[in-house]
Amino acid sequence: MEVARLPVIPLYAALGVGLLALLVARTYQAQMMRAEIPNGPVRDTANSIHQGNDAYLASRLRWVALVVGLLAVGLGLTTGGWGAIPVVVGGLVAAGAELWGLRTTSATSPRTAAAGGLMASLDVAWRGSAAIGFAIPGLGLTTLVVTLLIVTVAWPAADWVTLMAGLVLGASAVSLFARVGGGLFTTSVDLGADLTARDNQIDEHDPRNPAAVADSVGDGVGAAGAMGSDLLDSHLGSAVAALAYAGIGFASDPWQPQAMVYPVAIAAVALLASAVGAAVFRSSDEDVTRALRRATYVGAALTVLGVAGLGVWLFSDVPGIAHPTGLSLAVVAGLVSGLLIAQISDWFTSDRYLTAKEVARNAPTGSAPLILSGLSEGLRSAVLSAVVLAVGIGAAFAAGVWALGDGGGVYGVTIGAVGALGIVALPLSLSAWSGIVDSAGSIAHLADLSQEAVETTESLDAVGSTSAPAAKGFAIGAAALTAFALQSAYNTAVGPETLDLAAVPVAAGLLLGATVPFLFAALIMRGVSRAAKRVIDESERQLKETGLRERTQGVVPDYLRSVEVAAAAALPETVAPVVLALALPVLVGLADVRALAGFLAGSLVTGLLLGATMVNSGGAWDNAKRLIESGAFGGRGSEAHMSAMTGDTVGDSFKDACGPSLTVLIKTTAVVSLVFAPLFIR
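Residues numbered from 1 in each chain as written. Predicted model: local features only at pLDDT ≥ 70, side-chain atom pairs only at ≥ 80, totals over all residues. Heavy atoms only, no water.

A. Broad picture of the overall build of the protein. Across its full length, the protein holds 19 helices and zero strands. By the compact-globule yardstick of 26 Å for 682 residues, the protein fits well, its C-alpha radius of gyration being 24 Å. Of all 682 residues assigned to the protein, the portion counted as buried reaches 64%. Long-range pairs, those at least 24 residues apart, make up 84% of the contacts in the protein between residues at least 6 apart in sequence. With the model as given, the accessible surface of the protein reaches about 23000 Å², and the carbon-plus-sulfur share is 64%. Within the protein, the 50 negative side-chain charges are centred at a point lying 2 Å from the centre of the 37 positive side-chain charges. (Helix = DSSP H or I, 4+ residues; strand = E, 2+ residues; numbered from the N terminus. Rg over C-alpha atoms; globule rule 2.2 N^0.38 Å. Buried < 20%, exposed > 50% of the residue type's maximum accessible area, 1.4 Å probe, protein only. Contact = heavy atoms within 4.5 Å. Areas by Shrake-Rupley, 256 points an atom, 1.4 Å probe, with all protein chains shown as cover. Lys, Arg positive; Asp, Glu negative; His and termini not counted. Charge placed at Lys NZ, Arg CZ, Asp CG, Glu CD.)

B. Structural context of the packing of aromatic side chains. Across all of its chains, the model carries seven aromatic pairs by this definition. In this structure an aromatic cluster arises from ring pairing among Tyr245, Phe250, Trp255 and Tyr411. (Phe/Tyr/Trp six-rings, centres within 6.5 Å; stacked < 30°, edge-to-face > 60°.)

C. Spotlight on the side chain of Ser539. Looking at the secondary structure, you find Ser539 in helix α15 (residues 504–545). Look at Ser539 and you get buried, because its relative accessible area is 0%. Apart from residues lying up to four places away in sequence, Ser539 is in contact with Thr196, Pro210 and Ala211.

D. Up close: the packing of helix α10 (residues 354–361) against helix α11 (residues 367–404). Between α10 and α11, the least distance of the axes is 8 Å, while the angle of their chain directions is 155 degrees. It follows from the interaxial angle that α10 and α11 lie roughly antiparallel. Each of Thr355, Glu358 and Val359 in α10 lies in contact with α11, whose residues at this interface are Leu370, Ser373, Gly374, Glu377 and Arg380. When grouped by side-chain class, the residues that make up the contact of α10 with α11 number two nonpolar, three polar and three charged. (Axes fitted to C-alpha atoms, helices over the stretch in contact; angles between N-to-C directions. Parallel < 35°, antiparallel > 145°, perpendicular 65-115°, else oblique. Nonpolar A, V, L, I, M, F, W, Y, C, P; charged D, E, K, R; others polar.)

E. Representation of a nonpolar patch on the surface. Together, Leu20, Leu23 and Leu272 make up an exposed nonpolar region whose accessible area comes to about 260 Å². Here Leu272 is to be found in helix α7 (residues 256–279). (Patch = residues over 30% accessible without salt bridge, like charges linked within 9 Å, V, L, I, M, F, W, Y side chains within 5 Å. Salt bridge = Lys/Arg side-chain N within 4 Å of Asp/Glu carboxyl O.)

F. Empty space enclosed by the protein, seen in detail. Under the counting rule described, the total for this entry stands at six cavities of 30 Å³ or more. Lining the largest cavity are 15 residues, with Arg293, Thr296, Ala342, Leu430 and Ala470 positioned closest to its centre. If you list the elements that add at least two residues to the lining of the largest cavity, you get α8 (288–315), α9 (325–349), α13 (425–446) and α14 (451–494). Among the elements that line the lining of the largest cavity, the one with the most residues is α8, at five residues. Here the residues of the lining of the largest cavity sort into nine nonpolar, four polar and two charged. Computed from the structure, the second largest cavity encloses a volume of approximately 60 Å³. (1 Å grid on protein atoms, 1.4 Å probe; cavity = no way out; pocket = protein on both sides within 12 Å on 5 of 7 lines; lining within 4 Å. Points joined across faces, edges and corners; volume = space filled by probe spheres on them.)

G. Just the nonpolar core, in detail. With 210 residues, the main nonpolar core has Phe185, Tyr262, Val264, Tyr411, Ile415, Tyr490 and Phe520 as its most contacted residues. In terms of residue count, the dominant contributor to this core is helix α5 (residues 160–200) (19 residues). Discounting chain neighbours no more than four positions away, the residues touching Tyr411 are Ala242, Tyr245, Ala246, Phe250, Ala259, Tyr262, Pro263, Leu327 and Leu404. (Core = buried A, V, L, I, M, F, W, Y, C linked by side-chain atoms within 4.5 Å.)

H. Representation of the environment of Ser106. Position of Ser106 among the secondary structure elements: in helix α3 (residues 84–114). In this structure, the C-alpha to C-alpha distance between Ser106 and Gly18, residues 88 residues apart in sequence, is 25 Å. Not counting residues within four places of it along the chain, the set of residues in contact with Ser106 comprises Ile49, His50 and Asn53. For Ser106, the side chain forms a polar contact with the main-chain oxygen of Arg103, separated by 3.0 Å. (Polar contact = N/O pair within 3.5 Å; in protein donor to acceptor, adjacent residues only side chain to side chain.)

I. Seen up close, the pattern of salt bridges. Scanning the model with the defined rule gives 19 salt bridges in all. In this structure, Glu358 engages Arg361 in a salt bridge whose closest nitrogen and oxygen atoms are separated by 3.3 Å. Taken together, the residues Glu358 and Arg361, both in helix α10 and three residues apart, mark about one turn of the helix. Given the relative accessible area of 32%, Glu358 is considered partly exposed. Its salt-bridge partner being Arg636, residue Glu629 comes within 3.8 Å of it at the nearest N-O pair. Residue class for Glu629 comes out partly exposed when judged on its relative accessible area of 21%. Since its relative accessible area comes to 56%, Arg636 is described here as exposed. Here the residues in one salt-bridge network are Arg179, Asp230, Asp233 and Lys667, joined through shared partners.

J. The arrangement of the side chain of Lys625 in detail. Relative to the helices and strands, Lys625 is located in helix α17 (residues 593–629). Ignoring anything within four residues of it in the chain, the contact list for Lys625 reads His641, Ala644, Met645 and Asp648.

K. Summary view of unusual backbone geometry. Even without a glycine there, the phi angle at Asp448 is positive, about 55 degrees. Tracing the backbone shows Asp448 in the loop between α13 and α14. Residue Asp448 is classed as exposed on the basis of its relative accessible area, which comes to 68%. Non-glycine residue Phe633 carries a positive phi angle of around 55 degrees. Here Phe633 shows up in the loop between α17 and α18 (639–675).

L. Molecular detail of the packing of α3 against α13. Where α3 meets α13, the axes come as close as 8 Å, and the angle between the chain directions of the two elements is 55 degrees. Judged by the inter-axis angle, α3 sits oblique to α13. Considering how the two elements wind past one another, α3 and α13 form a crossing that is right-handed. Seen from α3, the contacting residues are Thr105, Thr108, Ser109, Pro110, Thr112 and Ala113; seen from α13, they are Ile436, Ser439, Ala440, Ile443 and Ala444. (Left-handed = near helix turned anticlockwise from the far one by under 90°.)

M. Spatial organisation of helix α2 (residues 41–79). Here α2 contains 39 residues, and its C-alpha end-to-end distance of 55 Å stays within 8% of the 57 Å for a straight helix at 1.5 Å per residue. Positive phi appears at Gly81, one or two residues downstream of α2, with a value of about 110 degrees. (Expected span 1.5 Å × (residues − 1).)

N. Main features of α9. Under the 1.5 Å per step criterion, the end-to-end length of α9 is 36 Å for 25 residues, consistent within 8% with the ideal 36 Å. Among the 25 residues in α9, 19 count as buried, and that is most of the element.

O. Expanded view of the environment of Val506. Structurally, Val506 is set in helix α15. Separated by 91 residues in the primary sequence, Val506 and Ala597 place their C-alpha atoms 6.6 Å from one another.

P. The confidence of the model for the protein, seen in detail. Averaged over all residues, the pLDDT of the protein equals 87, while 96% of them reach at least 70. Mean pLDDT values over the elements of the protein span from 81, in α14, up to 94, in helix α1 (residues 8–33). (pLDDT = per-residue confidence, 0-100.)

Q. Spotlight on the environment of Gly326. Tracing the backbone shows Gly326 in helix α9. Overall, the relative accessible area of 0% leaves Gly326 in the buried class. Here the alpha-carbon distance between Gly326 and Ala502, two residues 176 residues apart in the chain, equals 32 Å.

Written as structure tokens, this is what we have:
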């Protein structure tokens, strides 16, 4: 497929912004590293967490390399060999994003715990989280631009769409392992630490708890490593979907080159605006939540202004485009949708609002009313999220039609997805921040720091727990928009008439696709229970056989062993969901391309609804427990607290494993379909 010569000035400018974001991230990291880790228990605990990170990553390295290698070979065979390269590059970039998130979290957490004082700890935690938040989209944008320049400008390739999609495929494969395996690991060690503490009447962060360090490792794995690779995958996927649709759908239109460059330029403008938004954050602000929100909304507002000027600049002189402002409105529709879905998650989970308080109010009655209340709120939140997404898609479609005519509607939706992902640096920073302060709280307990340090980290952790669900809600909305954009590109590649709901293959595929998220979640939930049992058994063994329970002099837990047990238990449970996500689209596509179109639509709808329900129900249970622990409804040790602990235990697998993994599922099935579309229509 030939493509007209692209305007390279916007691409080079975007490359510069990507490199600038990496520089910003490195600056934040250097500022964080100026804080010292004191010798003694804090340094020893930090070293144990660092070793645990390495053990976790090493446990699945071989499997990740094998899967990425097989995908590279498969795409290479369908493209004459060159298709293998972008798959490997995408995999390496996503793996690098996960590694950066884990390493930065493990470096920031002990410094946050030992900083001394609320403002100092907050400052260190923010700089570490911002280093993660800007490095990952910076890395994604840089990789995207370089790859696009190679396959369309330097060495134009006829199958450039497949090559660009291969980049996303490699990232999706690694992201799938990070989300599923990371969710299984994080939840199993969290449950292991909690239940070991409950059964032995010790604190979950007690130095005698063999799973305590593994729990701290899990904080970084879920909130920074897995989230980082997930959002990098979405960032790449949304841009490539818009590129692919523009390249295929506008092949005979004079605005094709500008339409292909526009998604990349949007990502660059939004990333630059996010950097300005982050700069307004002040660690001296007494209301941390408000300071974090202000940074996000400033970045979003500047993105709207930048995109408005960008659309006029690129399209004002292009023949056939009567209303270039419509394209800017499509981007804004996507951006607003993403922010609203994040806000919905916040409304339904934060203890600052009525919902979590109502869930907690049911706790004195027993575990069952509390669980039912939290589940009902999660279901309600899913409905609102779907309505917001539907309105956002409709608005972006209408804006695209206004700008480009009948063929511009779907393009409007694809660039709306890019708009939603544009400010990814700020939600990612928010997620990383929650993991950092959670781990810092564990370190403060494990290292037996002063009461002031413990209270400081606990207050920061409370803010992180109320803000983390909003970041997860953003990830769900972004994944849904990205998946829709990728599916639109697939339908365009194989023929828009494929999605005819009256056709039997489409209806059959729709039903099959709708069941996959349920099976996917069931496999993960079953895996969590099995892995958690292994962690608990290992913890009980150490407590019983080594004298830890009796506080024998000189006896310390084998923390690394607990990490290794959890990682080894999580890995086998990861294989089936990963194979399901990668193999099913290929099998369905080989059977019938129309069935695959229905399959993708079905998995998107149920994946979005189920994912939002699980993340927000889990968040509501978590924050209801924290509200009770703060003294409400009887406080710690009360019957209400025991009920809330049960709800939180159930919610861990919902919000940290199943729900987030569904976001990667719907994206992965879509990108696999787009990559192998040429194979299906031969």
